[in-house]
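Now for the letters of each chain:
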Amino acid sequence: MPRNSTDAHSTGPRIYVACLASYNAGRLHGAWIDAAQDLDDVWAEIRAMLRASPFPNVEVTCPDCEGADPQVSRCETCKGRGNVPSAEEWAIHDHEGFEGLKIDEYEAIDRVVQLANVLDNLGTEAEAFVAWWHNGTAGKDPDAWEDEFREAYRGTYRTIADYAEEVLGETYDLDSIPPLLAGHIDWDGVARELETGGDIWTADGGDGVLVFDNTV
Ligand SMILES: [Zn+2]
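Residues numbered from 1 in each chain as written. Predicted model: local features only at pLDDT ≥ 70, side-chain atom pairs only at ≥ 80, totals over all residues. Heavy atoms only, no water.

Chemist: Provide a residue-level description of the sheet that holds strand 8 (residues 208–213), including the pertinent values.
Modeler: Whenever strands of a sheet pair, they do so through backbone hydrogen bonds, lying parallel or antiparallel. Across the sheet, three strands lie side by side as 6-8-7; this open sheet has antiparallel pairing. Each having just a single partner strand, strand 6 (153–157) and strand 7 (200–205) make up the two edges of the open sheet. The mean inter-strand angle of the sheet, taken between neighbouring strand axes irrespective of direction, is 20°. For strand 6 and strand 8, the ladder comprises four bridges, and the chain directions are antiparallel. (Pairing = 2+ DSSP bridges. Helix = DSSP H or I, 4+ residues; strand = E, 2+ residues; numbered from the N terminus. Axes fitted to C-alpha atoms, helices over the stretch in contact; angles between N-to-C directions.)

Right, here's the structure in full:
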């Protein structure tokens, strides 16, 4: 897919939206769109791309006069007609900046935009979000995804034993254990216990292990 040179520096989640009338005619017409913005703004860019299509096949409301009464409108864009030509069908033919999250060609745009905004908000935690997402525990409400993730994500640790030591250190006063004994705690075994007991689940990532709470 061609890269739009004007926003090639963008590193946030982007989608390449292609005009299918052009595609079916053997022409590439489409636009790279920043997906981490308001849904309305994404739609506006998709519609603008379709109106600019070399293969228009429908009429749509003029974006400048919004279909004002042709009797009185002096709109230059539509010459007072209230409508302008446009292509109609589109699909997501490429995407980037989604941290390995798979976006289907016909994925609902509101879900794509929601995911893009969550990834953008999370920054360095985006990788962990993707692992959480692929685990299939996300609920039905896209607006809740970020909160659900934050509730479940315990952090990134070098090893799962490090996590076990930290979390049990918060629950129990490990300092009160004589050093002679403390040095012999089997943190790997404790960690396995937490995992097999279903309290947590983990995924590789962040140069270590991503830890998620299974109980939320
Ligand atoms: Zn107009």
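Chemist: Tell me what's going on with the coordination of the zinc ion, and back it up with residues and numbers.
Modeler: Angles between donor atoms at a metal ideally measure 109.5 degrees for a four-coordinate tetrahedral arrangement and either 90 or 180 degrees for a six-coordinate octahedral one. The protein atoms donating to the zinc ion are Cys 62 (SG), Cys 65 (SG), Cys 75 (SG) and Cys 78 (SG), with metal-donor distances spanning 2.2 to 2.3 Å. For the zinc ion, all donor residues lie on one chain, and their spacing in sequence is C-x2-C-x9-C-x2-C. One end of the pair, Cys 65, is in the loop between strand 3 (58–61) and strand 4 (83–86); the other, Cys 75, is in the loop between strand 3 and strand 4, and 10 residues separate them in sequence. The class of Cys 65 is buried, set by a relative accessible area of 18%. (Donors = N, O, S within 2.8 Å, 3.2 Å for Na, K, Ca; no water. Buried < 20%, exposed > 50% of the residue type's maximum accessible area, 1.4 Å probe, protein only.)

Chemist: Account for the confidence of the model for the protein, naming residues and giving values.
Modeler: Of all residues in the protein, 95% attain a pLDDT of 70 or more, and the chain-wide mean is 90. Counting contacts from residues 3–9, a segment whose pLDDT is below 50, to residues more than four positions away or on other chains yields seven contacts. (pLDDT = per-residue confidence, 0-100. Contact = heavy atoms within 4.5 Å.)

Chemist: Any details on helix 3 (residues 109–122)? Residues and values, ideally.
Modeler: The periodicity of an α-helix, 3.6 residues per turn, causes residues three or four places apart in sequence to face the same way. When the terminal C-alpha atoms of helix 3 are compared, their 20 Å separation across 14 residues agrees well with the 20 Å that a helix rising 1.5 Å per residue should span. Turning to helix 3, its buried residues number three or more, namely Ile 109, Val 112, Val 113, Leu 115, Ala 116, Val 118, Leu 119 and Leu 122. Residues of helix 3 that are buried make contact with strand 1 (14–19), helix 2 (39–51), strand 5 (90–96), helix 4 (126–134) and helix 5 (145–152). (Expected span 1.5 Å × (residues − 1).)

Chemist: So what's going on with the domain arrangement of the protein? Residues and values would help.
Modeler: Segmenting the protein into domains produces domain 1 (5–122) and domain 2 (142–213). Using only C-alpha atoms to locate each centre, domain 1 and domain 2 end up separated by 44 Å. Between domain 1 and domain 2, the residue contacts involve six residues of the former and six residues of the latter. Roughly 570 Å² of surface becomes buried between domain 1 and domain 2 when both sides are summed, with 68% attributable to carbon and sulfur atoms. Counting the contacts that link domain 1 with domain 2 gives zero salt bridges. Looking at the side of domain 1 that touches domain 2 residue by residue, the class counts come to three nonpolar, two polar and one charged. (Domains from an automatic or database assignment. Buried area = accessible area lost by both parts, 1.4 Å probe. Salt bridge = Lys/Arg side-chain N within 4 Å of Asp/Glu carboxyl O. Nonpolar A, V, L, I, M, F, W, Y, C, P; charged D, E, K, R; others polar.)

Chemist: Describe the packing of aromatic side chains, naming the residues involved and giving the relevant values.
Modeler: Evaluation of the coordinates by the stated rule reveals 12 aromatic pairs. Ring geometry for Phe 129 against Trp 132: centres 5.4 Å apart, planes inclined by 45°, an arrangement best described as tilted. Of this pair, Phe 129 and Trp 132 both sit in helix 4, three residues apart, roughly one helical turn. As far as burial versus exposure is concerned, Phe 129 and Trp 132 are alike and both buried. (Phe/Tyr/Trp six-rings, centres within 6.5 Å; stacked < 30°, edge-to-face > 60°.)

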